[in-house]
Amino acid sequence: MKKTIAILHPGEMGAAIGAGLVANGNRVLWVGAGRSAATRRRAENCGLEDAATLAQAVRAADVVFSVCPPHAAMELARAVAACAYGGVYIDANAVSAETARALGQVVAAAGASYVDAGIIGPPPVPGASVRLYLCGGSAAQTAALFAGGIMQAIVLDGPVGTASALKVCYAAWNKGATALLAGIRALAEQEGVDAALLDEWKISLPEIPKRSEMVTLSARKAWRWIAEMEEIAANFEAAGLPSGFHLAAADIYRRLEGFKDAGKPPALAEVKAALLRKI
């Protein structure tokens, strides 16, 4: 049976997910109040219907799909719970396992069924490779929404927090390594050894020079990765592991948040300058 699904909120990832759900025959809503013109264009281009307000979207939805910057995940869950939502709430935000469990308690207290989700990969468009990992009581029901679509839904055997923990472990390396390499290139620039470092990498670690420049492609998203690194650090700390590396990664991305909404990716020289600028 096709569902009515509210996507909160259709950024690049949310809009692409919404488009896939529409293509599968579902009715997909979004909340236009207070959103930017760019968000409105994305939503309309993907076939999403504007429900105008959160209360109206929640009232009509069988499923609420939360995909927002991690620092906003709890506020959004509380807002949905305040609407007495009793359907399925999918939280696909980049948060720690502990935060996922706390989010679940908030929406469950209002009567909703909570699904912990973790997205690994880019926005799901043709040609992309992306997985949606799910756990919780309604995980199998949720996976069925994506059957035959671009995004592969995978149900994990484990309690709430399992999907978020997998996402944390993946991003701890993927985005953490990008931050580390960006910091190394800035340090090498400051010390005058950048060219020599690249020459050595080409000999001993030939895959690293290109990898060290990937920060230019992600700099525009750095503003939303700050909280993600902090969530990863919290998960490490909760497990009794050192958290300092990812707190430092958060600081790296904090120095790059000025590239938000940039028209094109910055040059590596611009990234280095931003990292070396004292804040």
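Novice: Looking at this structure, I do not really get the packing of aromatic side chains. What am I missing?
Specialist: Both the distance between ring centres and the angle between the ring planes are used here to describe each pair of aromatic rings. Summed over all chains, the structure comprises three aromatic pairs. With 6.2 Å between their ring centres and 70 degrees between their planes, F65 and F146 make a pair best called edge-to-face. Taken together, the residues F65 in strand β4 (residues 63–66) and F146 in the loop between α6 (139–144) and β8 (152–155) connect sequence positions 81 residues apart. Overall, F146 belongs to the buried group, its relative accessible area being 8%. Aromatic pair Y89 and Y114: ring centres 6.4 Å apart, planes at 15 degrees, arrangement stacked. Taken together, the positions of Y89 in strand β5 (residues 88–91) and Y114 in strand β6 (residues 113–120) put the pair 25 residues apart, joining distant regions of the chain. Across the pair, exposure class does not vary: Y89 and Y114 are buried alike.

Novice: Which parts of the structure should I look at to understand the nonpolar core?
Specialist: A general tendency of soluble globular proteins is for nonpolar side chains to be buried together. Counting residues in each nonpolar core, the largest one holds 26 residues, and the members touching the most others are I17, L21, F65, I119, L132 and F146. For this core, the secondary structure elements donating two or more residues are β1 (4–8), α1 (12–23), β2 (27–30), β4, β5, β6, β7 (131–135) and α6. In this structure, F146 is in contact with I17, L21, N24, F65, L132, M151 and A153, ignoring residues within four places of it in sequence. Among the nonpolar cores identified, the runner-up in size contains 25 residues, and L8, C68, M74 and A100 belong to it.

Novice: Is there a simple way to explain the packing of helix α4 (residues 73–82) against helix α5 (residues 97–109) in this structure?
Specialist: Geometry of a packed helix pair, given as the angle between the helix axes and the separation of the axes. Look at α4 against α5: their axes get within 8 Å of each other, and the N-to-C directions meet at 15 degrees. In terms of their interaxial angle, α4 and α5 are classed as roughly parallel. As α4 runs across α5, the sense of the crossing is right-handed. Touching A73, M74, A77, R78 and A81 of α4 are A102, L103, V106 and V107, all from α5. Partitioned by chemical class, the residues of the contact of α4 with α5 number eight nonpolar, no polar and one charged.

Novice: Can you help me understand helix α7 (residues 162–191) in this one?
Specialist: Because the α-helix completes a turn every 3.6 residues, residues three or four places apart line up on one side. Compared with an ideal rise of 1.5 Å per residue, which puts 30 residues at 44 Å, α7 spans 43 Å between its outermost C-alpha atoms and is within 8% of the ideal. Remark: the principal bend of α7, roughly 35 degrees, maps to A171.

Novice: Sorry if this is basic, but what is going on with the sheet that holds β2 here?
Specialist: An order of β3-β2-β1-β4-β5-β6-β7-β8 is seen for the eight strands of this open sheet, with the pairing classed as mixed. Either end of the sheet is taken by a strand with one partner, and the two such strands are β3 (49–50) and β8. As paired elements, β1 and β4 share four bridges and run parallel to each other. Bridging across to β4, A6 finds its partner in V64. Strand contacts of α4: β1, β4 and β5, with the helix running at about 175 degrees to β5, the strand carrying the most contacts. On the sheet, α7 packs against β6 and β7 and is oriented at approximately 20 degrees with respect to β6.

Conventions adopted
- Residues numbered from 1 in each chain as written.
- Predicted model: local features only at pLDDT ≥ 70, side-chain atom pairs only at ≥ 80, totals over all residues.
- Heavy atoms only, no water.
- Phe/Tyr/Trp six-rings, centres within 6.5 Å; stacked < 30°, edge-to-face > 60°.
- Helix = DSSP H or I, 4+ residues; strand = E, 2+ residues; numbered from the N terminus.
- Buried < 20%, exposed > 50% of the residue type's maximum accessible area, 1.4 Å probe, protein only.
- Core = buried A, V, L, I, M, F, W, Y, C linked by side-chain atoms within 4.5 Å.
- Contact = heavy atoms within 4.5 Å.
- Axes fitted to C-alpha atoms, helices over the stretch in contact; angles between N-to-C directions.
- Parallel < 35°, antiparallel > 145°, perpendicular 65-115°, else oblique.
- Left-handed = near helix turned anticlockwise from the far one by under 90°.
- Nonpolar A, V, L, I, M, F, W, Y, C, P; charged D, E, K, R; others polar.
- Expected span 1.5 Å × (residues − 1).
- Bend = angle between axes of the 7 residues up to and from the residue.
- Pairing = 2+ DSSP bridges.

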